[in-house]
Amino acid sequence: MTEEWGANAAGAINYGFPVIADSAIPEILPSGITTYEHVVANVPHDKIVARSIEVRGLKVNVSEIPIPVAYGPFRRGEGPR
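Rules used throughout
Counting starts from 1 at the beginning of each chain's written sequence and moves along it residue by residue. Only residues with pLDDT of at least 70 are given local features in this predicted model, and only at 80 or more are side-chain atom pairs given and counted; all residues enter the totals for whole chains, interfaces and linings. Side-chain descriptors were evaluated using all non-hydrogen atoms of the structure, hydrogens and water having been removed beforehand. Counting from the N terminus, the helices are DSSP H or I runs at least four residues long and the strands are E runs at least two residues long. Relative accessibility under 20% of the residue-type maximum defines a buried residue, over 50% an exposed one, and the middle range a partly exposed one, all with a 1.4 Å probe and only protein chains included. Whether two residues are in contact is decided by their heavy atoms: any pair within 4.5 Å suffices. Side-chain atoms within 4.5 Å link the members of a nonpolar core, which is a set of buried Ala, Val, Leu, Ile, Met, Phe, Trp, Tyr and Cys residues. Here the expected span of a helix is defined as 1.5 Å times the quantity of residues minus one.

### Brief notes about the overall build of the protein
Thinking step 1. Within the protein, the regular secondary structure consists of two helices and two strands.
Thinking step 2. Listed by position from the N terminus, the elements making up the protein come as α-β-β-α.
Thinking step 3. Counting the 81 residues in the protein, one finds 12% classified as buried.
Thinking step 4. The long-range share in the protein, meaning contacts at least 24 apart out of those at least 6 apart in sequence, stands at 17%.

Following this line, the structure appears as structure tokens:
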């Protein structure tokens, strides 16, 4: 890890953003009041979004939106009229 990367990570942490990295860097785990990790290392690219949501403690709720009219593939593939 270069000095520039360290400075960028420290700046992000100072503003309350966790640092999620795909490389081997020293991890900073929670201490004190916070329950969120500050620096998380060695996260694979295909798992980085899910891990970011988990680190911040966000909860995702997916709900179905009722659409009051029937819809379907009517006129699919046709251009504008």
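That shown, we press on.
### Brief notes about the nonpolar core
Thinking step 1. Within the largest apolar cluster, six residues are counted, these being Ala9, Val19, Ala21, Ile25, Val39 and Ala41.
Thinking step 2. Once residues lying within four places of it in the same chain are set aside, the contact partners of Val19 are Ala9, Ala12, Ile13, His38, Val39 and Val40.

### Considering unusual backbone geometry
Thinking step 1. Notably, Asn42 is not glycine yet its phi reads approximately 55°, a positive angle.
Thinking step 2. As for its placement among the helices and strands, Asn42 is situated in the loop between strand E2 (39–40) and helix H2 (48–56).
Thinking step 3. For Asn42, a relative accessible area of 52% puts it in the exposed group.

### Things to note about helix H1 (residues 3–14)
Thinking step 1. Taking 1.5 Å per residue as the helical rise, H1 with its 12 residues ought to reach 16 Å, and the 16 Å between its terminal C-alpha atoms agrees with that figure.
Thinking step 2. Of the residues flanking the end of H1, it is Gly16, one or two places downstream, whose phi is positive at about 95°.

### Focus on the environment of Gly57
Thinking step 1. Structurally, Gly57 can be placed in the segment after H2.
Thinking step 2. For Gly57, a relative accessible area of 37% puts it in the partly exposed group.
Thinking step 3. With 20 residues separating them in the primary sequence, Gly57 and Glu37 have C-alpha atoms 9.9 Å apart.

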